[in-house]
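# Analysis of the macromolecular model
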Amino acid sequence: MNARMPMPDHAATHAATDTLLDVKQLSVIYRGLTRTPVQAVAGVSFSIARGSTLALIGESGSGKSTIARAIAGLGPVESGSIRLDGAELAGKGDRAAEAGRHGVQIVFQDPTSALNPRWPVWQSIVEPRLRERLKRAVQRDIAADYLGRVGLNARHMDRLPQQLSGGQRQRVTIARALVARPKLIILDEAVSALDVSVRNEVLLLLDRLKESEQLTYLLISHDMGAVAQLATSVAVLYLGRLVELGPATRVIGQPSHPYSRALIEAVPSLQAGARKDAPKLSGEIGDPAHPPSGCRFHPRCPFAIDRCSNEVPVLTPHRGGESACHRTQEIEAVPS
Ligand SMILES: Nc1ncnc2c1ncn2[C@@H]1O[C@H](COP(=O)(O)OP(=O)(O)O)[C@@H](O)[C@H]1O
Ligand code: SF4
Ligand SMILES: [Mg+2]
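Note that the structure is predicted; figures quoted are calculated from it, not measured.

What follows is about the pairing of strand β1 (residues 19-30). Bridge count between β1 and strand β2 (residues 38-49): eight bridges; the pairing is antiparallel. Paired with T19 across the strands is A49, a residue of β2. Bridge analysis of β1 against strand β4 (residues 79-84) gives five bridges, and the strand direction is antiparallel. Looking across to β4, one finds that K24 is bridged to S81.

Here's what the structure looks like:
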């Protein structure tokens, strides 16, 4: 294209919405030699606007980490598209390297296993830049800079991971992620193992870093307090499928889908005037190798009708977001 030609309309539209991550129809199947293939993620689509935080919530086994690993290039992708700033990350050879090069970093729940126990803190922090063969003094300067950004200081530089507290170790893994100059940080239960007061400090740090380092987060957490504090929007996953998606205040304050309701109303402190007798989630999430027909939630849903076991509900626009339920309108009339 001639450099002086005006931008095409679709490029202008893209810039206006400013999507950083765009996941379309992502499916992941785990294949073992002897076992039935497990479709852990089935046709999931969502996007994250630059500078925002999308929280991905759902019970254990719903496929959250599978989506995280697919985006970070650390796990398989069966089909679908993962675009970061327009660059396709699915279907590439070395997907982890590709994701890293395009600015994806991931922070896991357990900082101990994420750090080399024999490396001092400064060396772990500069790990993403080791390839540049910088002088040791320069590397230490970089480490000191990033230690400061995560609320640690020069005293921590030469310590080994076991000489740090759990919260300090998680700050080190966050510093290491920042050194890679990421656009997107995936936080996969990153505060879940921390004591309450430490968890609160790390949440505040993450909130501050989002502004100062111009970050975008994909927050995976079963901690609804953390979700309410950080998330701009919320996506609810059940057995590999998205069931609800919308602005965080609305999904947390007034969840629409029966599964979101059961999941969120189980945490009374989140909702002023929440019912003490809020329906509890009964039964187990089930096995993605043998998912229920129709709506995957139907065996546990108090609102299920015959149609629910025969027909897969699709995400449909609803109250500023989307919900995948055959009975959205009728259920709306039932107070939460
Ligand atoms: N490597 C694997 N091989 C086979 N099945 C897996 C593998 N990893 C995860 N699963 C299965 O995929 C489903 C989703 O797992 P996961 O993504 O870890 O869920 P979550 O993070 O929401 O707890 C679960 O049923 C889990 O047992
Ligand atoms: S589609 Fe049916 S089973 Fe699924 S959540 Fe809606 S009412 Fe419940
Ligand atoms: Mg997980």
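Before going further, it helps to spend a moment on the site of ligand 1. With respect to spatial proximity, 13 residues lie near ligand 1, and among them G61, G63, K64, S65 and T66 are the closest. Between S65 and ligand 1, the recorded distance is 2.9 Å, taken from a backbone N or O atom to an oxygen atom. Summarising the interface, the protein chains cover 67% of the accessible area of ligand 1, which totals 560 Å² for the free molecule. In terms of residues, the shell around ligand 1 owes the most to one element, helix α2 (residues 64-71), which gives four residues. Among the residues forming the shell around ligand 1, the class breakdown is three nonpolar, six polar and four charged.

Before going further, it helps to spend a moment on helix α7 (residues 166-179). A turn of α-helix holds 3.6 residues, and therefore any two residues three or four places apart point the same way. Between the first and last C-alpha of α7 there are 20 Å, a value that for 14 residues agrees with the 20 Å anticipated at 1.5 Å per step. The buried fraction of α7 is high, at twelve of 14 residues. Turning to α7, its buried residues are G167, R169, Q170, R171, V172, T173, I174, A175, R176, A177, L178 and V179.

On to the confidence of the model for the chain, then. Detailed conclusions should not be drawn from predicted coordinates in areas where pLDDT is low. Here the chain averages 91 in pLDDT, while 91% of its residues score no lower than 70. Residue range residues 1-15 is modelled with pLDDT below 50. Its contacts to residues more than four positions away, or to other chains, number three contacts.

In this structure, I57, I125, I174 and V234 are the most contacted members of the largest nonpolar core, which totals 58 residues. Of all the elements, α7 adds the most residues to this core, at six residues. The contacts of I174, once residues within four sequence positions are left out, are V107, V150, V202, L205, L206 and L209. Membership of the second largest hydrophobic core comes to 31 residues, among which are V23, I67, L89 and I106.

Procedures and definitions
- Residues numbered from 1 in each chain as written.
- Chains lettered and ligands numbered in written order.
- Predicted model: local features only at pLDDT ≥ 70, side-chain atom pairs only at ≥ 80, totals over all residues.
- Heavy atoms only, no water.
- Pairing = 2+ DSSP bridges.
- Helix = DSSP H or I, 4+ residues; strand = E, 2+ residues; numbered from the N terminus.
- Near = heavy atom within 4 Å.
- Polar contact = N/O pair within 3.5 Å; in protein donor to acceptor, adjacent residues only side chain to side chain.
- Areas by Shrake-Rupley, 256 points an atom, 1.4 Å probe, with all protein chains shown as cover.
- Nonpolar A, V, L, I, M, F, W, Y, C, P; charged D, E, K, R; others polar.
- Expected span 1.5 Å × (residues − 1).
- Buried < 20%, exposed > 50% of the residue type's maximum accessible area, 1.4 Å probe, protein only.
- pLDDT = per-residue confidence, 0-100.
- Contact = heavy atoms within 4.5 Å.
- Core = buried A, V, L, I, M, F, W, Y, C linked by side-chain atoms within 4.5 Å.

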